[in-house]
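Architecture and fold: a report
So you can see what is in the structure, the chains are spelled out below.
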Amino acid sequence: MSNELMTSKISRALEETARTKNHVSKGRMRQCYHFMPETGWMNDPNGLIFYKGEYHFFFQFNPYAPFWGSMYWGHAVSRDLLHWTYLPPALAPSESYDDHPDGGCFSGSAVVYEGKLWLIYTSVSDQGKGIRQTQSIAYSEDGVHFLKYEGNPVLEAPEGINPSEFRDPKVWNHDGTFYMVTGASQNGRGKALLFSSENLKEWKWINEIAASRGELGSMWECPDFYSIGGRHVLTFSPVGAGDHTSVYMTGAFDYKTGKLESQTAREMDWGLDYYAPQSFLAPDGRRIVVGWANEWQWMPKWKDWGPTFKEGWCGFFNLPREVGFWEDGSLQFKPIRELESLRKDACAFRQISVSEDRTRLRAGDGISYEMKFLIDLEHSDGDVLELELRAGNGRKTVCRFDFLRNELSVNRNHADGWSRGISRSVMKLHNQTQMDVDIFSDRCSIEIFTDHYTNNHSNNVFAGEDQRDIFIRAEGGSFVIRNFESYGMQSCFDQTLGE
Ligand code: FRU
């Protein structure tokens with residue numbers, strides 16, 4: 001019976017998408033090569049997995065409005081992580097355990113078990129005692145149509161854990177046993193809990209993998225846990241931890257104790273728009289992580305938000321990034337190599353001398369492009385290297401490499417008449433002779449990578465079509481730029497822009 005309600009809610013959502021998608025696809029802010037919903041609202045990546053020859057992306061989805069609401073799981077598939085086919089939503093709120101109007105089917109993950117694709121998600125309800133978050137499962141034989149398990153929910157908050165802050169299960173298989181990490185809050189402090197199961201239905205508590213001691217917020221959203229080259233990585237998005245939006249901890253880990261041995265957090269991205277990242281394994285063994293290009297702090301979730309809502313959509317994912325360790329022990333997040341296949345209109349210079357006069361740079365159409373270069377630190381004596389991106393019509397986003405104060409900053413206070421904020425990070429200059437820079441710009445985002453992809457800034461910028469200029473200039477001396485290359489980026493979506 002119950003799955004009938006989900007099926008009919010999915011059909012209604014599909015009708016709504018069919019009704020609005022033509023209009024929404026003409027939106028001028030729609031990205032060219034970043035994953036986004038066909039229509040409506042999107043937040044966290046969910047259930048990222050490679051299954052039966054295709055990548056599956058699920059996502060927190062409201063098909064009815066470009067605002068957050070009762071959550072569905074949107075769904076799309078791809079063979080190259082660039083071009084996507086949208087499928088019907090995989091999950092809709094339909095049961096007494098997941099039908100809270102300000103809840104529904106919250107974030108989670110996917111695994112393959114006994115040939116089926118299983119989704120593990122947070123079911124949010126209110127059964128008279130306030131919000132209750134539990135973990136539930138659903139399965140599919142064809143990877144498109146899902147059935148919720150009759151025995152849901154399969155896991156409730158352990159004693160002492162706030163039942164309204166127990167969510168976002170990430171499940172993986174290790175040596176034939178399933179493990180789940182969930183975000184939780186206890187006595188107002190965030191933590192990541194570890195459970196194990198042989199069948200996805202019965203779960204056993206193991207330990208807290210890590211916990212805030214007050215410095216890392218009141219709740220850890222969307223935790224993830226994996227190993228790279230034998231070293232373990234925990235990532236999460238802490239709530240109420242100031243500018244920390246997505247952090248990672250690395251260290252030794254033993255499944256018997258379930259405790260990560262180092263509890264020091266570092267930033268996954270210093271930008272203002274990188275949240276709830278989730279990772280998955282590509283068939284070639286790469287660990288790829290995808291974040292939601294936003295952050296609740298910048299998002300009054302109950303109000304109109306940002307220029308794209310007027311076009312009938314809101315939210316996209318940051319570029320998928322391959323995770324690795326850099327030699328100093330920090331994690332690298334490198335945009336996946338598949339993106340190279342979108343390059344067009346190449347432009348290259350072996351060397352550019354940058355003085356205090358502005359020099360114009362060329363990269364694609366100035367809106368949707370990649371631009372890479374090295375800053376030759378041995379042959380430069382300037383104090384600051386400044387880039388103006390998406391400039392025009394008196395507006396710009398300003399990226400400053402300040403070598404006097406050792407600070408990289410991205411300022412969007414004058415970017416689009418709407419966005420605000422400056423993201424800042426410390427550069428790794430010690431013993432360096434050059435600094436690598438890789439910039440990806442799309443219609444409403446700028447992602448800047450440097451220091452071997454260990455120091456990254458993702459910021460949304462809702463710049464107009466007349467903002468296509470790129471300038472570079474020096475302060476307090478000059479700079480030598482080497483190996484400059486830039487490319488326009490082909491669009492991955494069918495786009496006919498509206499008037
Ligand atoms: C993170 C988050 C999750 C939750 C989901 C709800 O952005 O708040 O903790 O599951 O979004 O949409």
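Notes on the overall build of the protein
Of the regular secondary structure elements, the protein holds one helix and 35 strands. Principal-axis analysis of the C-alpha atoms gives the protein an extent of 70 × 55 × 40 Å. In the protein, which comprises 499 residues, the share counted as buried stands at 50%.

Focus: the sheet that holds strand β23 (residues 331-335)
By definition, the strands of a sheet pair up through backbone hydrogen bonds, in either a parallel or an antiparallel sense. The antiparallel open sheet is built from four strands, whose spatial order is β19-β20-β22-β23. Unpaired on one side and paired on the other, β19 (275-281) and β23 mark the two borders of the sheet. The sheet shows a mean angle of 35° between the axes of neighbouring strands, direction not considered.

Quick notes on the sheet that holds strand β15 (residues 247-251)
If you trace the four strands from one edge of the open sheet to the other, you get β13-β14-β15-β18, paired in antiparallel fashion. Of all the strands in the sheet, just β13 (219-228) and β18 (266-267) have a single pairing partner and so form its edges. In this structure, β15 lies alongside β18, joined through two bridges in antiparallel fashion. By the bridge assignment for β18, Tyr-248 is matched with Arg-266.

What about the environment of Gln-263?
Residue placement: Gln-263 occurs in the loop between β17 (259-260) and β18. What makes Gln-263 partly exposed here is the crowd of 16 C-beta atoms within 10 Å. With 99 residues separating them in the primary sequence, Gln-263 and Arg-362 have C-alpha atoms 44 Å apart. Once residues within four sequence positions are removed from consideration, Gln-263 is found in contact with Ala-210 and Met-249.

Digging into the site of the ligand
The full set close to the ligand counts 13 residues, and Gln-60, Phe-106, Ser-107, Glu-221 and Ala-276 are the nearest of them. Residue assignment for the shell around the ligand shows that the elements contributing at least two residues are β1 (40-51), β5 (104-113), β9 (166-174), β13 and β19. Among the residues making up the shell around the ligand, the classes are represented as five nonpolar, four polar and four charged.

Overview of the environment of Phe-449
Locating Phe-449 in the fold gives a position in strand β32 (residues 445-450). With 24 C-beta atoms counted inside 10 Å, the residue Phe-449 sits in the buried group. The spatial distance from the C-alpha of Phe-449 to the C-alpha of Ile-439 is 6.2 Å, given a sequence separation of 10 residues.

Digging into the nonpolar core
Residues Leu-91, Leu-119 and Leu-234 are the most contacted members of the largest nonpolar core, which totals 128 residues. Here the element with the most residues in this core is strand β6 (residues 116-126); it accounts for six residues. Counting contributing residues per domain, this core is built from domain 1 (2-332) and domain 2 (343-489), each supplying no fewer than three. For Leu-91, the residues in contact, after removing those within four places along its chain, are Tyr-72, Trp-73, Cys-105, Leu-119, Tyr-121, Ala-138 and Phe-146.

With respect to the domain arrangement of the protein
Each domain of the protein was delimited in the assignment, giving domain 1 (2-332) and domain 2 (343-489). Placing a centre on the C-alpha atoms of domain 1 and another on those of domain 2 gives a separation of 31 Å. Taken together, the 23 residues of domain 1 in the interface contact 25 residues of domain 2. Of the residues that constitute the side of domain 1 that touches domain 2, the class distribution is 11 nonpolar, eight polar and four charged.

A few points about unusual backbone geometry
Cis geometry marks the peptide bond from Asn-152 to Pro-153; its omega dihedral reads -10°. As for its placement among the helices and strands, Pro-153 is situated in the loop between β8 (147-148) and β9. Even without being glycine, Leu-200 reaches a positive phi, approximately 70°. Tracing the backbone through its elements, the reader meets Leu-200 in the loop between β11 (189-197) and β12 (204-211).

Quick notes on the environment of Asp-126
By the element assignment, Asp-126 lies in strand β6. Taking the number of C-beta atoms within 10 Å as the measure of exposure, Asp-126 has 15 and is therefore partly exposed. Remark: the alpha-carbon pair of Asp-126 and His-100, spanning 26 residues in sequence, is separated by 6.0 Å. Other than its neighbours up to four places away in sequence, Asp-126 contacts His-100, Ile-131 and Arg-132.

Topic: the pairing of strand β7 (residues 131-140)
Here β7 lies mainly inside the structure; seven of its 10 residues are buried. Two strands pair when backbone bridges link them, and β6 and β7 are joined in this way by 10 bridges, in the antiparallel orientation. Paired with Asp-126 across the two strands is Ile-131, which belongs to β7. Hairpin connection, β6 to β7: the antiparallel pair is bridged by four residues, and Gly-128 has positive phi, about 90°. Note: β7 against β8, two bridges, orientation antiparallel. Within β8, the residue paired with Ala-138 across the bridge is Lys-148.

Here we look at the pairing of β5
Working note: regular strand, side chains alternate between the two faces of the sheet. The buried fraction of β5 is high, at eight of 10 residues. Sheet analysis places β5 next to β6, joined by nine bridges and oriented antiparallel. Bridged to Val-111 within β6 is Trp-118. Once β5 ends, the chain turns through two residues before running back antiparallel as β6, passing Glu-114 with a positive phi of about 50°.

Reading guide: rules and limits
- Residues numbered from 1 in each chain as written.
- Predicted model: local features only at pLDDT ≥ 70, side-chain atom pairs only at ≥ 80, totals over all residues.
- Helix = DSSP H or I, 4+ residues; strand = E, 2+ residues; numbered from the N terminus.
- Buried ≥ 20, exposed ≤ 12 C-beta atoms within 10 Å, placed from the backbone.
- Pairing = 2+ DSSP bridges.
- Axes fitted to C-alpha atoms, helices over the stretch in contact; angles between N-to-C directions.
- Contact = placed C-beta atoms within 7 Å.
- Near = placed C-beta within 6 Å.
- Nonpolar A, V, L, I, M, F, W, Y, C, P; charged D, E, K, R; others polar.
- Core = buried A, V, L, I, M, F, W, Y, C linked by C-beta atoms within 7 Å.
- Domains from an automatic or database assignment.

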